[in-house]
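Breakdown of the fold
For reference, the chains in residue letters:
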Amino acid sequence: MIRTANAVAGAWPVAAPEAFWAGQVSEYPSFDYSMKDVLRAGEALAGKLIWTDETAPRIREVFSIASNWRDSHAYPMRAMKNLVHGRIRRLKLSGGNTVARLKHMPSIRRKLRDQPWKLNQIQDLAGCRAILPNIEAVNALVDSLRRTNRHTVYRENPYITAPKPDGYRCHHVVFKFEGEGEEEVFDGRRVEIQVRTRLQHSWATAVETVGLFRKENMKAGLGSPEWLRLFKLMSAEFAAEENCPEPEDASGGDARIREIIELEKALNAANTLDTLSLAVRYVDTYSRDPQSTADYFLIRYDSENRVVSVQTQYGAKLSVQSYDDAELDAYRAGPQKRAVLVEADNIESLQSAFPNYFGNVQLFKLRLKQITQGAAAVEYSLPPQQTVPKKPKEKSDLSWLRGYRRWK
């Protein structure tokens, strides 16, 4: 049970540590339009939006409506992230990592174009990702969420027991948020929870990283057939290591290893992944002030100049406003720019969960080298971090929250 907005600060239910309050409802973006507005905005997003002086006001309006609908999922997203984090702690699944994100507009537009969905039907506008050390931990968390979660399971996709044809493996569960008291204004919002192992996560981020740098949507199965085949075979190897079903048509045994070796040599894949790790000029603007904890991180990515910037954000409303502004700026600049707003406990969790934005593909690369070169496994490290000024002083009083943070 998640603590309601009317509960008294400090009255913590000892038996349910995952009931970590998401904060005052009023601190989160509300839904300010009608569903008819949302449907019309979705239709516009699915079409061509060419920025000119004449079309600019209409495009701003479309983005404003669509962003507001998406941003109204921020409270349910925070609540579900806290619930997942609490379950990981209760089950004592050490080494787990939990982050959440609001879906960025290019992905929303792509879904509206490629699938027969309306904007209000997209089930992963808000997403929470749990990355766990092994398949046993994944199964334990999924089982716990199924059995004891008061929110309704809307849809479930077991891509670990039934991998996608391209090799993608991860367990997806979509919940319909059911609030209590003031939270009820967010009832029905859908939040997708993805639960995967580190090995599965390394595969998925390597696919996206290579796709980003090759300017190919490999997540959608588009691009180099050789790269896509290599990823499928590597997924099968990872599945075999985890004693899970393998994707179809991925050969097996010595034949699969020989094919991986041949593809790696033809693509110079390991060296390419090395290059990707070094290609990003990482600009980290994370505050090291021990008294501050960011609520969100705004990631801006420039694929043309290979620059990533990370900005700390405080407070849900101001954070999503910065996100909305950054997305509109990115749209005007062109497809080489993108932005995404992520909720994570710290910069290390952010980098671990979204290595595709930082060119960090070491884990996948090391496994590939083990297969093709017999290279010894070593731990990969995170990029260096810089220091920036402290966070703004203007922030709601959440002093009761510090007690919870000390429990971690």
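The written sequence of each chain sets the order in which its residues are numbered from 1. It should be noted that, the model being predicted, local features are given only for residues of pLDDT at least 70 and side-chain atom pairs only at 80 or more, the latter also being counted only at that level, while totals for whole chains, interfaces and linings use all residues. Side-chain measures were taken over the full set of non-hydrogen atoms in the model, leaving aside hydrogen atoms and water.

Once that is clear, we can look at the side chain of D124. Inspection of the secondary structure puts D124 in the loop between helix 4 (105-114) and strand 2 (126-132). Residue burial is assigned from relative accessible area. The probe radius is 1.4 Å, only protein chains are included, and a residue is buried under 20% of its type maximum, exposed over 50%, and partly exposed in between. By relative accessible area, D124 is classed as buried at 5%. At a separation of 3.0 Å, a polar atom in the side chain of D124 contacts the side chain of K103. Contact partners of D124, with chain neighbours within four places excluded, come to R101, K103, K111 and E192. Runs of H or I in DSSP of at least four residues are treated as helices and runs of E of at least two as strands, each being numbered from the N terminus. Pairs of N or O atoms are called polar contacts if they sit within 3.5 Å, as long as, within protein, a hydrogen donor faces a hydrogen acceptor (for residues adjacent in sequence, only side-chain-to-side-chain pairs). Between two residues, a contact is recorded if the distance between any of their heavy atoms is within 4.5 Å.

Turning our eyes to something else, we now look at the side chain of S144. Take S144: it is sitting in helix 5 (residues 135-148). We classify S144 as buried; its relative accessible area is 5%. Those residues in contact with S144 that lie beyond four places of it in its chain are R87, L91 and N149.

This part is about helix 4. Taken together, the buried positions of helix 4 are M105, S107, I108, R109, K111 and L112. Tucked into the core, helix 4 has its buried residues touching helix 1 (35-46), helix 2 (56-71) and helix 10 (316-333).

As a further point, take the pattern of salt bridges. The term salt bridge refers to a side-chain nitrogen of Lys or Arg lying within 4 Å of a carboxyl oxygen of Asp or Glu. For the structure shown, the criterion picks out 21 salt bridges. The closest approach of N and O atoms between D143 and R147, which form a salt bridge, is 2.8 Å. You can see D143 and its partner R147 sitting in helix 5, four residues apart, about one turn around the helix. Overall, the relative accessible area of 34% leaves D143 in the partly exposed class. Among the salt bridges present, the one from R367 reaches E241, with a minimum N-O distance of 2.9 Å. Here the residue R367 occupies a position in helix 12 (residues 362-373), and E241 occupies one in helix 7 (residues 225-241), the gap between them amounting to 126 residues. The class for E241 is partly exposed, based on a relative accessible area of 46%. Among the charged side chains, a network of salt bridges with common partners joins R70, D71, D324 and E327.

Atom-level detail of predicted coordinates should not be read off regions where pLDDT is low. Overall, the predicted model of the protein reaches an average pLDDT of 83, with 82% of residues at or above 70. By definition, pLDDT measures how confident the predictor is in each residue, and it falls between 0 and 100. In this model, residues 287-291 is a region of pLDDT below 50 whose contacts with residues beyond four sequence positions or in other chains number 11 contacts. Ignoring residues within four places in sequence, the model shows residues 393-408, a span with pLDDT below 50, making 21 contacts including any to other chains.

In a regular helix each residue adds 1.5 Å, so 17 residues correspond to 24 Å; helix 7 covers 24 Å between its end C-alpha atoms and thus fits that length. Residues of helix 7 that are buried: W227, L230, F231, K232, L233, M234, S235, A236, E237, F238 and A239. Of the residues trailing helix 7, N243 is marked for its positive phi of about 55 degrees. A helix is expected to span 1.5 Å multiplied by its residue count minus one.

Let us now look at the packing of helix 6 (residues 198-214) against helix 12. Close contact between helix 6 and helix 12 brings their axes to 8 Å; oriented N to C, the two are set at 100 degrees. In terms of axis orientation, helix 6 runs roughly perpendicular to helix 12. When helix 6 is examined against helix 12, the residues R198, L199, S202, W203 and A206 are found in contact with a partner set consisting of L363, F364 and R367. By residue class, the composition of the contact of helix 6 with helix 12 is five nonpolar, one polar and two charged. Comment: axis = line fitted to C-alpha atoms, over the contacting stretch for helices; angle = value between 0 and 180 degrees taken between N-to-C directions. For classification purposes, an angle smaller than 35 degrees is called roughly parallel, one larger than 145 roughly antiparallel, one from 65 to 115 roughly perpendicular, and anything else oblique. Side-chain classes follow a simple rule in which Ala, Val, Leu, Ile, Met, Phe, Trp, Tyr, Cys and Pro form the nonpolar group, Asp, Glu, Lys and Arg form the charged group, and the remainder, Gly included, forms the polar group.

Time to look at unusual backbone geometry. Generally, phi is negative for residues other than glycine and the peptide bonds are trans, each holding for most cases. The backbone phi angle of K215 is positive, close to 60 degrees, even though this residue is not glycine. Mapped onto the fold, K215 is located in the loop between helix 6 and helix 7. Positioned with a positive phi, N243 is a non-glycine residue whose angle comes to about 55 degrees.

Soluble globular proteins: nonpolar side chains tend toward being buried together. One finds L141, W203, L230, F231, M234 and L350 to be the most contacted residues of the largest nonpolar core, which totals 88 residues. Filtering out sequence-adjacent residues up to four positions away, M234 remains in contact with W203, I260, F364, R367, L368 and I371. Remark: nonpolar core denotes a set of buried residues (Ala, Val, Leu, Ile, Met, Phe, Trp, Tyr, Cys) joined through side-chain atoms within 4.5 Å.

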